[in-house]
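Here is what each chain is made of, one letter per residue.
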Amino acid sequence: MRTTPRASSPRRYLMCPPTHFAVTYSINPWMDPTKPVDLPLALAQWEDLRDRYRTLGHTVELLAPDPALPDMVFAANGATVVGGRVLGARFAHPEREAEAARHLAWFHGNGWADDAVRVPEHVNEGEGDFAVTASWILAGRGFRSSPLAQGEAQEFFGRPVVGLDLVDPRYYHLDTALCVLDDAADEVMYYPDAFSPGSRAVLARLFPDALIASAQDAAALGLNAVSDGRHVLLPQAAVGLFEPLRRRGFTPLGMDLGELLKGGGSVKCCTQELRP
């Protein structure tokens, strides 16, 4: 049991309301176009997440939704921001391709200099597959992002990038299989079976004290979570993670984003961090 209190730090997030959210195609195992979406409920769940961030003292910036892009609510996929520099996304599926330009336009229109924003050469889906700690950028690959994206990120951000191979199609993005709990302390939680044997060995070496999630909690998308260093916002159905988080000094906050889960995303998918 950790005895010293955790400290949170103010964060700045970019989110996009699910005004036009729908499941009209299937590009991951969670998406079933035959299951209707309750749009008012999806919006209410998203607003609850947005308001919770603000209550915790964080800033939430808003990206305008586009009626032609129903997945824009999953704002984490649109870019990666580290040290005030922005690496844009290049989506793997044509259904989401146009989202990348919407994100870059937002950055150009909100104070980012041209030389701080990069249009990527290689496929990457933003913070879906890039997770940032003080020491490393972790790069998921295998279903969406190209292995070449990790070299591009390393050159652009000037930080060491560690590639991790995803092998279970349910965990098609890194942010469905791993969550950074304390970026300053290089502390994470993850689900080992989502990764190749070699990547599991790398994670065990880099993070020997990581919180290991069960299959049940991973299947509830419990690792698609956001931490400010103290508060961990995660799907409320991932009940097995709550007590281990408390033992480590974190305050878990369960969120219900069940309607958005129909698109294959939860707390983290809705949240892009704008790191200064």
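Bear in mind that the values here come from a model prediction, so they are computed numbers and not experimental data.

Student: Give a detailed account of the sheet that holds strand 5 (residues 117-118), specifying residues and quantitative values.
Tutor: On the basis of which strands lie adjacent, the open sheet formed by three strands has the order 3-4-5 and mixed pairing. Both edges of this open sheet fall to strand 3 (79-82) and strand 5, since each of them pairs with a single strand only. Looking at chain direction, strand 4 (residues 85-88) and strand 5 are connected through two bridges and run parallel. In the strand pairing of strand 5, Val86 is matched with Val117. The strands touched by helix 3 (residues 148-157) within the sheet are strand 3, strand 4 and strand 5, with strand 4 carrying the most contacts at an inclination of about 160°.

Student: Kindly report on the side chain of Glu152, identifying the contributing residues and their values.
Tutor: Mapped onto the elements of the fold, Glu152 is located in helix 3. Judged by its relative accessible area of 7%, Glu152 is buried. Excluding its chain neighbours within four sequence positions, the residues that come into contact with Glu152 are Arg118, Val119, Pro120, Glu121 and His122.

Student: Provide a residue-level description of the packing of aromatic side chains, including the pertinent values.
Tutor: Under the counting rule described, the total for this entry stands at nine aromatic pairs. Relative to Tyr53, the ring of Tyr13 has its centre 4.5 Å away and its plane inclined at 45°; by these criteria the two rings are tilted. Here Tyr13, found in strand 1 (residues 12-15), pairs with Tyr53, found in helix 1 (residues 39-55); they are 40 residues apart in sequence, far enough to count as distant. Judged by relative accessible area, Tyr53 falls into the buried class, the value being 0%. A network of ring pairs unites the aromatic residues Trp106, Phe107 and Trp112 as a single cluster. For Arg85, the ring lying beneath its charged end belongs to Phe156, and the centroid distance is 4.1 Å.

What counts, and where the lines are drawn
- The residue numbers shown here count from 1 along each chain, following its written sequence.
- Only residues with pLDDT of at least 70 are given local features in this predicted model, and only at 80 or more are side-chain atom pairs given and counted; all residues enter the totals for whole chains, interfaces and linings.
- Think of the side-chain values as coming from all heavy atoms in the structure, minus any hydrogens and water.
- We treat two strands as partners when DSSP finds at least two bridges between them.
- The secondary structure listing takes helices from DSSP runs of H or I that are at least 4 residues long and strands from runs of E that are at least 2 residues long, numbered from the N terminus.
- By definition, residues are in contact when any of their heavy atoms lie within 4.5 Å.
- For helices, the fitted axis covers only the stretch in contact; all axes are lines through C-alpha atoms, and the angles between them, taken along N-to-C directions, range from 0 to 180 degrees.
- Each residue's exposure class comes from its accessible area (1.4 Å probe, protein chains only) as a fraction of the maximum for that residue type: buried when under 20%, exposed when over 50%, partly exposed otherwise.
- Pairing of aromatic side chains here covers Phe, Tyr and the six-membered ring of Trp, requires ring centres within 6.5 Å, and sorts the geometry by plane angle: under 30 degrees stacked, over 60 edge-to-face, intermediate tilted.
- Our definition puts a charge over a ring when NZ of Lys or CZ of Arg is within 6 Å of the ring centre and also within 35 degrees of the ring normal.

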